[in-house]
Amino acid sequence: MTTSVETKGHGRPVPLLELSGVEVSYPGGVRAVAGVDLAVVRGETLSVVGESGCGKSSLARAIVHAPPPTSGTVRFDGRDLEALSPSELRALRPRLQMIFQDPISSLNPRRTARQIVADGPDIWKRELADGGGVDDTLRKVGIDPDRMGDRRPHQFSGGQCQRISIARAVVLEPDVLVCDEPVSALDVSVQAQVLNLLRRLKADLDLTMVFIAHDLAVVKNISDRVAVMYLGKICEIGPVRAIYGNPAHHYTRALLASVPDVADAQRSVSDAPVSGEVPSPSSPPSGCRFRTRCPRAELRCATEEPELNALGAGHDDHLVACHFPVRG
Amino acid sequence: MTSPDELLLEVVDVTTSFDTDLGRLVAVDGVSFRLHRGETLGVVGESGSGKSVLARSVLRLVGDRNAQVTGRVVLRGSDVLKMPDRELRRLRGGSAAMIFQDPMTALNGTMRIGSQLSESLREHLGLRRRQQRDASIELLRSVGIPDAERQLRSYPHQLSGGMRQRAMIAIALACGPDLLIADEPTTALDVTMQRQVLDLLDRQRAERSMSMMLITHDLGVVAGRADSIMVMYAGRIVERAPARRLFTAPRHPYTDGLLRSIPRLSDEPGRELATIPGSPPIVIGGSTACSFAPRCPRAQARCLNELPLLVEDARTDSPSSSDGHAYACFYPLGTESGDAALLGNRRAGSTAAGLPMAAFGPTGDGVPT
Ligand SMILES: Nc1ncnc2c1ncn2[C@@H]1O[C@H](COP(=O)(O)OP(=O)(O)OP(=O)(O)O)[C@@H](O)[C@H]1O
Ligand SMILES: Nc1ncnc2c1ncn2[C@@H]1O[C@H](COP(=O)(O)OP(=O)(O)OP(=O)(O)O)[C@@H](O)[C@H]1O
Ligand code: SF4
Ligand SMILES: [Mg+2]
Ligand SMILES: [Mg+2]
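Cut-offs used in this document
- Residues numbered from 1 in each chain as written.
- Chains lettered and ligands numbered in written order.
- Predicted model: local features only at pLDDT ≥ 70, side-chain atom pairs only at ≥ 80, totals over all residues.
- Heavy atoms only, no water.
- Helix = DSSP H or I, 4+ residues; strand = E, 2+ residues; numbered from the N terminus.
- Rg over C-alpha atoms; globule rule 2.2 N^0.38 Å.
- Buried < 20%, exposed > 50% of the residue type's maximum accessible area, 1.4 Å probe, protein only.
- Areas by Shrake-Rupley, 256 points an atom, 1.4 Å probe, with all protein chains shown as cover.
- Contact = heavy atoms within 4.5 Å.
- Near = heavy atom within 4 Å.
- Polar contact = N/O pair within 3.5 Å; in protein donor to acceptor, adjacent residues only side chain to side chain.
- Buried area = accessible area lost by both parts, 1.4 Å probe.
- Salt bridge = Lys/Arg side-chain N within 4 Å of Asp/Glu carboxyl O.
- Pairing = 2+ DSSP bridges.
- pLDDT = per-residue confidence, 0-100.
- Nonpolar A, V, L, I, M, F, W, Y, C, P; charged D, E, K, R; others polar.
- 1 Å grid on protein atoms, 1.4 Å probe; cavity = no way out; pocket = protein on both sides within 12 Å on 5 of 7 lines; lining within 4 Å.
- Points joined across faces, edges and corners; volume = space filled by probe spheres on them.
- Axes fitted to C-alpha atoms, helices over the stretch in contact; angles between N-to-C directions.
- Parallel < 35°, antiparallel > 145°, perpendicular 65-115°, else oblique.
- Left-handed = near helix turned anticlockwise from the far one by under 90°.

Visitor: What should I look at first to understand the overall build of chain B in this one?
Guide: Counting its secondary structure elements, chain B contains 13 helices and twelve strands. Relative to the compact-globule value of 21 Å for 369 residues, chain B shows a C-alpha radius of gyration of 22 Å, a close match. With the C-alpha coordinates of chain B rotated into their principal frame, the extents come out at 75 × 50 × 45 Å. Within chain B, the fraction of its 369 residues that count as buried is 55%. Accessible area for chain B stands at about 15700 Å²; split by element, carbon and sulfur atoms hold 49% of it.

Have a look at this one:
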């Protein structure tokens, strides 16, 4: 399964995961994802951040085709998931795994930790590299299979349940792991354990991750690249250092200013946060979707939708959708 | 944040326990603190540390048949735990209000949001119908609920989680309470909404000298908002300090561990986070040892045999010894004995509780100063 990293003409690695024009609509005219293009290369962690309701979970589900997007394509390892036959998609599934937000309710309460993790290979009729794959994986996530392998979910803490659901996903040795808010429900001390674990698994297994979260400090810790989403679209995307060090979109800046940080005890809470009401995803504002809450908005913002473009020379991996981005 | 010195609430030695199959579960264990007018007290601690039970104990809302609450809760001179039911009813939703962690349990599912607001406004402020309606709309707007007039007619299940949370805040603020106990008021909200709600609570505090107990497991939330912070562990207060002080000079190893495990916006990406090994205990019966000892990098034999009590910090470099910093630890950070305990454990490779020092990771066991 170790495809070597090929490169296209201009020297960029071929993405392992590629989304183009992905849209997700729900009955009632809600366009939760309104056209997203993304490319993630092998071994990379791309995070998606944004306010509640901006479409992060809808996007995550579209990536693993559960369910498929309303329109647009998702390519995995060069293959359009939509074009695959059901059996081909099934065969591919183990390589494309998702971890859900709520660890406890996503585990079958009647099965033991070992059974839960073994279910994966069973369902996918996959042989594990060696007989001890399940126990090894449990050990990898910090659950001692000999002492705790036969316990059931209610006998574990929230953090332990979350680690079991990670074990269930990684036992299949996936190439891509989509994590939807994997640490939001956890105490900070447990959150740290899970984040460290994901970082280690990424290095050990050369995992490619799409990480969904609303905690910007967590995202900074885990990501290589960050995409900021607003009302169903990406408004800024770039390397983690660029997004945090040099945020160009007014929404990104406002989001960062809203983060309560322990450093707040030392500084006064005075930067401008995002205010105003979130527009409805069924009738987004004309032009720039953020303009109704943007401090910089001008007439042009109401008439012309800004495209996601490189910030400028020397920043070709930092894209922003704004007529008046903040530079430097 | 200066506050008028008038004392509003005094909690003395409150202990709340539940009879369970395992024995007497002590959820809150001898907690004492004071709250002045206009002051915000942050309460932090891991899940299960007793924060919600403490909040409910203060307003005598622990109704469970298997529960026992002892101690004193003096609100403006009268003991909440002893007052007659009539007085208690007037107090709750009047001069004292609570925002619950789970909005669905606090809101009445069969009543429209508007009626719930009106009821509260009528009962405690005696407003007339027309005024009730106007005040209700104004309140919903002030907590950032869009389309407030229409939402008056909504039932709780018709609102999103975040809106429900804000509706409950509106109801709690309806009567202009002197004391607001906010149990995880923003946990269900995203950062931008969280910020708006915290700003709103802070405005109420400033304008009306409302006092607030702000309960959360998110240290970031209380950092910029609380005057002082109490850290709870296994039902006890293990450290209490002015907010700034707690973050810059924590004394208790648990507080230190918590602070280290938080990813910060100012950190470089990719940092290995410190962790606190193990998980918090459930206290059955009384404690006769430090309940943090099994997870503590500094633990010595004494910690396993004796209960550390909350003592005022008597450090010499402090301008006054009465700056309100207290901790419950035999080997605190920033002391000679504490540093010696840590170094000794490092040399031995494990703590007195038998925890290998390697469990803390590269930087997790704290630095001697
Ligand atoms: N099954 C559904 N039917 C109808 N609308 C839906 C459905 N799922 C999501 N939506 C709507 O789509 C939009 C995006 O929802 P989504 O769950 O993707 O947001 P999110 O960014 O994950 O939010 P959160 O941070 O709260 O999890 C919201 O307006 C939501 O109400
Ligand atoms: N009615 C009850 N009977 C028995 N135990 C109880 C009861 N109510 C609470 N407890 C226990 O009391 C302890 C403290 O619970 P509490 O809800 O105060 O924790 P918390 O600090 O608010 O946690 P969280 O952050 O998860 O809200 C827990 O161990 C809990 O299981
Ligand atoms: S040093 Fe001892 S008393 Fe202090 S926290 Fe650790 S175990 Fe408890
Ligand atoms: Mg979501
Ligand atoms: Mg609680």
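Visitor: Would you mind showing me how to read the overall build of chain A here?
Guide: Looking only at helices and strands, one finds eleven helices and twelve strands in chain A. For chain A, with 328 residues in total, the buried portion stands at 53%. Sequence separation of at least 24 residues holds for 63% of the intrachain contacts in chain A that already meet a minimum separation of 6. Here chain A has roughly 14000 Å² of accessible surface; of this, 49% comes from carbon and sulfur atoms.

Visitor: Can you walk me through the site of ligand 2 in this structure?
Guide: Residue and element names in this part refer to chain B. Taken together, 16 residues surround ligand 2, and among them Ser-47, Gly-48, Lys-51, Ser-52 and Asp-64 come closest. Take Ser-52: an N or O atom from its side chain is 2.8 Å from an oxygen atom of ligand 2. Between ligand 2 and Asp-64 there is a distance of 2.7 Å, counted from a nitrogen atom to a side-chain nitrogen or oxygen. In the complex, 73% of the free accessible area of ligand 2, which totals 640 Å², lies under the protein chains.

Visitor: For this particular structure, what's the right way to read the interface of chain A and chain B?
Guide: Interface size is commonly expressed as the accessible surface area that is lost when the partners come together. Facing the 41 residues of chain A at the interface are 39 residues of chain B. Of the roughly 3500 Å² buried at the junction of chain A and chain B (both faces included), carbon and sulfur atoms supply 57%. The tally of links from chain A across to chain B stands at two salt bridges. Between Arg-241 of chain A and Glu-268 of chain B there is a salt bridge; the shortest N-O distance is 2.3 Å.

Visitor: So what exactly am I meant to see when it comes to the sheet that holds strand β8 (residues 208-212) of chain A here?
Guide: Two pairing modes exist for strands in a sheet, parallel and antiparallel, and in both the strands are linked by backbone hydrogen bonds. All names here are of chain A. One open sheet holds the eight strands; their spatial order is β6-β7-β8-β3-β9-β10-β12-β11, and the pairing between them is mixed. Pairing within the sheet leaves two strands with one partner each, and these edge strands are β6 (96-99) and β11 (309-310). Strand direction decides the pairing type here: strand β9 (residues 225-230) and strand β10 (residues 233-239), joined by six bridges, are antiparallel. Counterpart to Val-228 in the pairing with β10 is Glu-236.

Visitor: I tried to follow the confidence of the model for chain A on my own but got confused; where do I start?
Guide: Parts of the model with low pLDDT should not have their predicted coordinates read in detail. Residues and elements named next belong to chain A. Of the residues in chain A, 87% have a pLDDT of 70 or more, and the chain-wide mean is 85. With pLDDT under 50 throughout, residues 1-9 is counted as low confidence; its partners more than four residues away or in other chains account for 15 contacts. Every residue in residues 266-271 is under pLDDT 50, and counting partners more than four places away or in other chains gives ten contacts.

Visitor: Got a minute to help me understand the site of ligand 3 in this structure?
Guide: Surrounding ligand 3, one finds 13 residues, the nearest of these being Cys-290, Cys-296, Cys-303, Cys-329 and Phe-330 of chain B. In terms of residue class, the shell around ligand 3 is built from eleven nonpolar, one polar and one charged.

Visitor: Where do I start with the side chain of Gln-191 of chain A in this structure?
Guide: Structurally, the position occupied by Gln-191 of chain A is in helix α7 (residues 188-205). Apart from residues no more than four positions distant in its own chain, Gln-191 of chain A is found in contact with Val-183, Leu-186 and Val-218 of chain A together with Pro-263 of chain B.

Visitor: Just to check I follow, could you spell out the layout of surface pockets for this structure?
Guide: By rolling a water-sized probe across the atoms, one finds the places where empty space is left. Residue and element names in this part refer to chain A. What the second largest pocket holds in volume is close to 830 Å³. Around the second largest pocket sit 36 residues that line it, and Asp-37, Leu-38, Ile-237, Leu-308 and Leu-319 are the ones nearest its centre. Of all the secondary-structure elements, those providing two or more residues to the lining of the second largest pocket are β1 (17-26), β2 (30-40), β9 and β10. With seven residues, the single largest contributor to the lining of the second largest pocket is β2.

Visitor: Please explain the packing of helix α4 (residues 113-125) of chain B against helix α5 (residues 129-142) of chain B as it appears in this structure.
Guide: Relative placement of two packed helices is described by the angle separating their axes and the distance separating the axes. Residues and elements named next belong to chain B. Two elements in contact, α4 and α5, have axes whose closest approach is 9 Å; the angle formed by their N-to-C orientations is 115°. Comparing the axis directions of α4 and α5 gives the class roughly perpendicular. For the pair α4 and α5, the sense of crossing is right-handed. Touching Ile-113, Gly-114, Leu-117, Ser-118, Leu-121 and Arg-122 of α4 are Gln-132, Ala-135, Ser-136, Leu-139 and Leu-140, all from α5. Taken together, the residues of the contact of α4 with α5 break down into six nonpolar, four polar and one charged.

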